[in-house]
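Chain by chain, the residues:
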Amino acid sequence: MGAYSQMQYMESGFDGSVYEYNDEPGVFTGTLVCKRYGRRVNIIAYIDFDDGRKVVCSAYSSKNYLGLKDIEMGSRVKVSFAPNTNGKVQLTAIELVE
């Protein structure tokens, strides 16, 4: 499964309200706990970082979702964040951690 649809997400009972956008550039490891399709041709990912933070981020279809579509929920991941041209920190890479 690529990600939950809006309906599946609502039915899952997952509480994404405790997750915040990351504003710190860098590389982090954690667990991909949930992902759902957004309204802007994107996948919204919810990741529990190893440092205890709960982070939400997006990957867009224009960049093939950065491969997020093929990563199973519950997987350990390494994620990279960097500022975009507007200075806003965004997800730039995600990969499985073995």
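Residues numbered from 1 in each chain as written. Predicted model: local features only at pLDDT ≥ 70, side-chain atom pairs only at ≥ 80, totals over all residues. Heavy atoms only, no water.

(A) How the structure looks around the state of the cysteines. Within this structure, the stated rule accounts for 0 disulfides. Cysteine 57 takes part in no disulfide bond, and the closest cysteine sulfur to it belongs to cysteine 34, at a distance of 12 Å. (Disulfide = S-S within 2.5 Å.)

(B) A look at the nonpolar core. Counting 19 residues, the largest nonpolar core has Ile47, Leu68, Val79 and Phe81 as the members making the most contacts within it. Counting only elements with at least two residues in this core, the list comes to strand E2 (26-37), strand E3 (42-49), strand E4 (54-60), strand E5 (76-83) and strand E6 (89-96). Counting residues in each nonpolar core, the second largest holds 6 residues, with Tyr9, Tyr19, Cys34 and Val56 among its members. (Core = buried A, V, L, I, M, F, W, Y, C linked by side-chain atoms within 4.5 Å. Buried < 20%, exposed > 50% of the residue type's maximum accessible area, 1.4 Å probe, protein only. Helix = DSSP H or I, 4+ residues; strand = E, 2+ residues; numbered from the N terminus.)

(C) Highlighting the packing of aromatic side chains. On inspection of all chains with the given rule, the structure shows 9 aromatic pairs. Above the face of the tyrosine 9 ring, arginine 36 is positioned so that its terminal group lies 4.7 Å from the ring centre. Over the ring of phenylalanine 28 we find arginine 53, and its NZ or CZ is 5.0 Å from the ring centre. (Phe/Tyr/Trp six-rings, centres within 6.5 Å; stacked < 30°, edge-to-face > 60°. Lys NZ or Arg CZ within 6 Å of the ring centre and 35° of its normal.)

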